[in-house]
Amino acid sequence: MRTLKKTTAVLLIFALMISVAALSASALSLSVTISAVCSGSGTISNGFESGDNTVSHTYTIGDSVSLTASAAEDYEFLFWKNKETERILSFDTTYTFSAATYLSLEAVFDLQQSVMNAEDNAHTVIYLTQGQNILSMQSVTLGSTNVGEPSEKPFMAGLTFEKWDHTPEEIAASDARIYVRPVYSDTKKSYVITKIVDGLAESEQIEYGTKARVSAPEVLNEQEFSYWIARAKDDTMDDVIVSYYADYDFFVTMNVTLEAVYGMDKGSGIATRVAGDIPNFEKSSVTIYEEHSVTQDYTVLQSGLIFTRDISIGNSDTRFVINPNEPLIRKGTSIYTERYGTYGVNITNWAASKTDSNGETINYYPLLFLRSYIVVQDQDGNAITQYSPIYVVDYINTTFVGVIEGDNYEDPFA
């Protein structure tokens, strides 16, 4: 059971509790700092400076950032990764993206595999999560099955880890660099999706974790389509805009009623929300995902989630924002910049314990505070960030409720 806590200062919300009118928007800082470092032997350049250690430059929001990695002799470039989350962002030597929020990257180099084979009688083995988070990177003796598999098996909500896609025997039989990824089996469950168009309701059971679509006419009764809303489940919640597009694609994770609205002002034309949390108490993990949708008046620069375990920050609408100088606030960033989409994070090591007055150990799940965010640029080139209201993951009892999957998913705490 989840508890809903309300105070006079802020409403801590879950599920579909984001009000259409409650979204907060603010002008973004005009500049952000993008820095990069080298791992291994090579150099990096951002077009303004280059070096073999660190390059850093302050960009105006919306600027194109282009980072280039060059390997030293006998080395080769592997990938760019986000240092904050250990997620691989690109395997290309030149990585280009739009500046939106602070970012710290690492260019990872490794000995050319032929050189490593000859000099060290070894090859590189890299274990990854489904979302390209690096679990381990190791040098393994050729022909050896003594591979250091990660002690914790990777987790995705609603799925069962079955195996790695390369066995120790397969690794031992190869002299190549090997990326090892998890293989999951599906957990079968379905939810009821109800679509309302022109007062007519249609319901369908759809297997969760799959991508579904609801569609509505662009014009109905001589009125233009405005948006889809997710209807509130009860009177403690509010309806929420989920898409400004007549064709709305989404991951099925819960029962939901979606209604097409016509002839209404689209307001800011920017919608972002924390769309739910999915706990796995056995694995001490919880998955949270965001959804966003903006009209064609905007260009999406970045979207994602910020989260903290600190109550004083989590209860403050002004402190709980993107801040590179606040280590208690973590940021997960989507790798896509479409006008609508979904992004998920899996937070691990969620459970904590304490000793009661009788000396017994009690396991519990600390509060997690989250906000989704989106950074957009309008047609005049102005940058805007918009946050969802604050969302709290607060469980008393352990109840499993759903799934999210897909390639736009990462584990910042892996």
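Structural notes, computed from the coordinates.

1. Description of a negative patch on the surface
Taken together, the side chains of Glu73, Asp74, Glu119 and Asp120 define an acidic patch exposed on the protein surface. Accessibility expressed as a relative area gives 45% for aspartate 120, which makes it partly exposed.

2. Observations regarding the sheet that holds strand β3 (residues 42-45)
Each strand in a sheet pairs with another by means of backbone hydrogen bonds, the pair being arranged parallel or else antiparallel. Across the sheet, four strands lie side by side as β4-β3-β6-β9; this open sheet has antiparallel pairing. Strands with a single pairing partner mark the edges of an open sheet, and in this sheet they are β4 (50-51) and β9 (94-98). Here four bridges tie β3 to strand β6 (residues 64-71), and the two strands are oriented antiparallel to one another. In the sheet register, serine 45 faces β6, and the bridge partner there is threonine 68.

3. Examining the sheet that holds strand β8 (residues 87-90)
Within the open sheet, the five strands sit side by side as β5-β2-β10-β7-β8. Their pairing is mixed. In this open sheet, the two edge strands, each paired with only one partner strand, are β5 (54-60) and β8. Adjacent strand axes in the sheet meet at a mean angle of 30° when their direction is disregarded. In the sheet, strand β2 (residues 31-39) pairs with strand β10 (residues 103-111) via six bridges, with the strands oriented parallel. The residue of β10 that forms the bridge with alanine 36 is leucine 105.

4. Remarks on the side chain of serine 316
Tracing the chain through its elements places serine 316 in the loop between α3 (311-314) and β27 (330-333). By relative accessible area, which is 13% here, serine 316 ends up buried. A distance of 3.2 Å separates the side chain of serine 316 from the side chain of threonine 318, its partner in a polar contact.

5. As for the environment of serine 316
C-alpha separation for the pair serine 316 and isoleucine 390, spaced 74 residues apart in sequence, amounts to 8.7 Å. Polar side-chain contacts of serine 316 include one of 3.0 Å to the backbone nitrogen of arginine 319.

What counts and what doesn't
Residues numbered from 1 in each chain as written. Predicted model: local features only at pLDDT ≥ 70, side-chain atom pairs only at ≥ 80, totals over all residues. Heavy atoms only, no water. Patch = residues over 30% accessible without salt bridge, like charges linked within 9 Å, V, L, I, M, F, W, Y side chains within 5 Å. Areas by Shrake-Rupley, 256 points an atom, 1.4 Å probe, with all protein chains shown as cover. Salt bridge = Lys/Arg side-chain N within 4 Å of Asp/Glu carboxyl O. Lys, Arg positive; Asp, Glu negative; His and termini not counted. Charge placed at Lys NZ, Arg CZ, Asp CG, Glu CD. Buried < 20%, exposed > 50% of the residue type's maximum accessible area, 1.4 Å probe, protein only. Pairing = 2+ DSSP bridges. Helix = DSSP H or I, 4+ residues; strand = E, 2+ residues; numbered from the N terminus. Axes fitted to C-alpha atoms, helices over the stretch in contact; angles between N-to-C directions. Polar contact = N/O pair within 3.5 Å; in protein donor to acceptor, adjacent residues only side chain to side chain.

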